[in-house]
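Listed here are the chains, written in short residue letters.
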Amino acid sequence: MKTDLTDTTSSKINKALVLGRRAIGTPAVGMVLTLVIVTDEENAYDALKAANEASREHPSRTLVVIKRVSRSPRDRAKARLDAEVRLGADASTGETVVLRLYGEVVDHAQSVVLPLLLPDAPVVVWWPVNAPTDPANDPLGALAQRRVTDTYAAEQPIQELTARADAYTPGDTDLSWTRITPWRSMLAAALDQVACEVTSAEVEGEEFNPSVELLAMWLAERLKVPVRRAKSGGPGLTSVRMETSAGPIVLDRPDGSLATLSIQGQPDRGVALKRRETAELIAEELRRLDPDDTYATALKFGLERLDEEAATVAPEPVAEAVVVVESAPAPAKPATKKAPAKKAAAK
């Protein structure tokens with residue numbers, strides 16, 4: 001069931017939700033949270049599709065906030081709110097309200113969203129693209145217990161990680177971190193199978209993929225060893241190699257689907273490590289609404305510190321040998337010049 005409301009208000013939207021529930025025969029509200037999606041018109045369809053699939057596991061009221069750009073000064077001065085209310089089969093297991101903001105109301109989205117929040121229910125705000133640098137201080141982010149961003153969608157993903165670390169507030173999380181959950185689980189399980197001490201590690205993946213940096217910082221912080229970051233053609237994360245006292249442990253996934261776990265002294269094993277869709281990532285983040293301390297610790301480890309510690313595993317003895325070879329011929333050059341001079345004097 002769909003209801004279109006043009007030039008409306010939050011109270012009229014709430015009334016349309018009540019009437020819609022009665023029309024489809026479900027007056028009781030059985031939703032567990034409110035999911036606010038802040039996006040643009042281009043990415044609204046994909047984000048809403050992912051949210052609807054995730055709502056099968058977490059029935060929720062989904063509010064999609066689309067801030068429309070007004071072209072003329074007259075349009076920017078006029079505030080308008082259009083809404084589309086979806087219930088029943090059009091909204092999966094919950095309720096969906098698509099809000100399109102025009103003019104001055106774009107700067108006051110929180111005043112539109114606040115009356116539509118479910119009472120006594122958690123609030124999660126998700127920015128699929130164009131997330132603020134400090135989500136907790138954003139007017140919409142201040143309404144939520146959890147704030148979900150995606151640095152992979154940023155223009156400069158690696159630099160965005162540093163900004164996220166500086167502005168981190170308990171409750172912040174990142175889909176780039178959610179993407180490496182299967183990798184972290186597999187690596188932890190591999191270390192539980194071998195009694196050894198890890199001496200160094202290497203994480204290989206795409207060049208502009210923040211998940212690679214987050215996994216490297218997590219390994220460096222948890223294992224207290226140098227971790228190097230290597231580049232590959234992808235897709236995404238491709239390999240993790242840990243050097244241990246019992247031999248290397250390698251988790252390799254060259255095709256983005258099936259990985260191979262190699263442990264010294266054991267047969268290689270195939271592991272299902274498929275790249276997950278956005279709906280699965282959102283569903284995972286909605287399972288827990290408390291602060292993710294592990295993510296905070298890995299994020300605050302610091303990219304600069306990761307680079308400094310990785311440099312300690314560089315082949316320094318080879319560099320010294322090169323210097324000795326280059327400096328050795330230097331004393332021999334004057335001797336070759338003096339020999340012809342003595343011969344000339346003898347003549």
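Residues numbered from 1 in each chain as written. Predicted model: local features only at pLDDT ≥ 70, side-chain atom pairs only at ≥ 80, totals over all residues. Heavy atoms only, no water.

Student: Before we move on, could you go through the nonpolar core and cite the residues and values that matter?
Tutor: One finds Val203, Leu215 and Val227 to be the most contacted residues of the largest nonpolar core, which totals 40 residues. When residues in this core are grouped by element, the largest group, eight residues, is from helix α8 (residues 210-223). If you look at the next biggest cluster of nonpolar residues, it comprises 27 residues, including Leu5, Val36, Val106 and Ala109. (Core = buried A, V, L, I, M, F, W, Y, C linked by side-chain atoms within 4.5 Å. Buried < 20%, exposed > 50% of the residue type's maximum accessible area, 1.4 Å probe, protein only. Helix = DSSP H or I, 4+ residues; strand = E, 2+ residues; numbered from the N terminus.)

Student: Can you break down the sheet that holds strand β10 (residues 227-231) residue by residue, with the values?
Tutor: Strand order in the open sheet formed by six strands is β10-β9-β11-β12-β13-β14, with mixed pairing between adjacent strands. Only two strands of the sheet have a single partner each, and these edge strands are β10 and β14 (269-272). Going from strand to strand, the sheet's axes swing by 15° on average, the running direction of each strand aside. One ladder, built from five bridges, connects strand β9 (residues 198-205) with β10; its direction is parallel. Among the inter-strand pairings, Ala201 is bridged to a residue of β10, identified as Val227. The sheet contacts of helix α7 (residues 181-192) involve β9, β11 (237-244), β12 (249-252), β13 (258-263) and β14, and relative to β11 the element is tilted by about 25°. (Pairing = 2+ DSSP bridges. Axes fitted to C-alpha atoms, helices over the stretch in contact; angles between N-to-C directions. Contact = heavy atoms within 4.5 Å.)

Student: Mind laying out the environment of Tyr102, listing which residues take part and the relevant values?
Tutor: Mapped onto the fold, Tyr102 is located in strand β5 (residues 95-102). According to the relative accessible area criterion, Tyr102 is buried, its value standing at 17%. For Tyr102 and Ile66, which are 36 residues apart along the polypeptide, the C-alpha to C-alpha distance reads 9.0 Å. Setting aside residues no more than four positions away along its own chain, Tyr102 makes contact with Arg68, Lys78, Ala79, Arg80 and Asp82. Of the polar contacts made by the side chain of Tyr102, one reaches the side chain of Arg68; its length is 3.4 Å. (Polar contact = N/O pair within 3.5 Å; in protein donor to acceptor, adjacent residues only side chain to side chain.)

Student: So what about the pattern of salt bridges? Which residues, and what values?
Tutor: One pass over the full model with this rule turns up 17 salt bridges. Close ionic contact of Glu95 with Arg61 constitutes a salt bridge, the shortest N to O distance being 2.9 Å. With a gap of 34 residues between them, Glu95 in strand β5 and Arg61 in strand β3 (residues 60-67) connect regions that are remote in the sequence. A residue is classified by how much of its surface remains accessible, and Glu95, at 4% relative accessible area, is buried. Taking the shortest distance from any N to any O, the salt bridge between Glu285 and Arg146 comes out at 3.0 Å. Of this pair, Glu285 sits in helix α9 (residues 278-287) while Arg146 sits in strand β7 (residues 146-149), placing them 139 residues apart in sequence. In terms of burial, Glu285 and Arg146 fall into one category: buried. Through salt bridges with shared partners, one network takes in Arg21, Arg61 and Glu95. (Salt bridge = Lys/Arg side-chain N within 4 Å of Asp/Glu carboxyl O.)

Student: If you had to explain the packing of α7 against α8 to someone new, which residues and values would you point to?
Tutor: It is at 11 Å that the axes of α7 and α8 come closest, and there the two elements cross at 35°. Relative to α8, α7 is oriented so that their crossing is right-handed. Contacts between α7 and α8 pair Trp183, Arg184, Leu187 and Leu191 from the former with Leu215, Trp218, Leu219 and Leu223 from the latter. Class assignment of the residues belonging to the contact of α7 with α8 gives a composition of seven nonpolar, no polar and one charged. (Left-handed = near helix turned anticlockwise from the far one by under 90°. Nonpolar A, V, L, I, M, F, W, Y, C, P; charged D, E, K, R; others polar.)

Student: Tell me about the sheet that holds strand β6 (residues 123-126), residues and numbers included.
Tutor: Strand order in this open sheet of eight strands is β1-β4-β5-β3-β2-β6-β7-β8, and the pairing throughout is mixed. If you trace the sheet from one side to the other, it starts and ends with β1 (2-5) and β8 (172-174), each paired once. This sheet shows a mean twist of 15° between the axes of neighbouring strands, independent of strand direction. Bridge analysis of β1 against strand β4 (residues 80-86) gives four bridges, and the strand direction is antiparallel. If you follow Leu5 over to β4, its bridge partner there is Ala83. Contacts between helix α1 (residues 10-24) and the sheet are confined to β1, β3, β4 and β5, with β4 contributing the most and set at about 15° to the helix.

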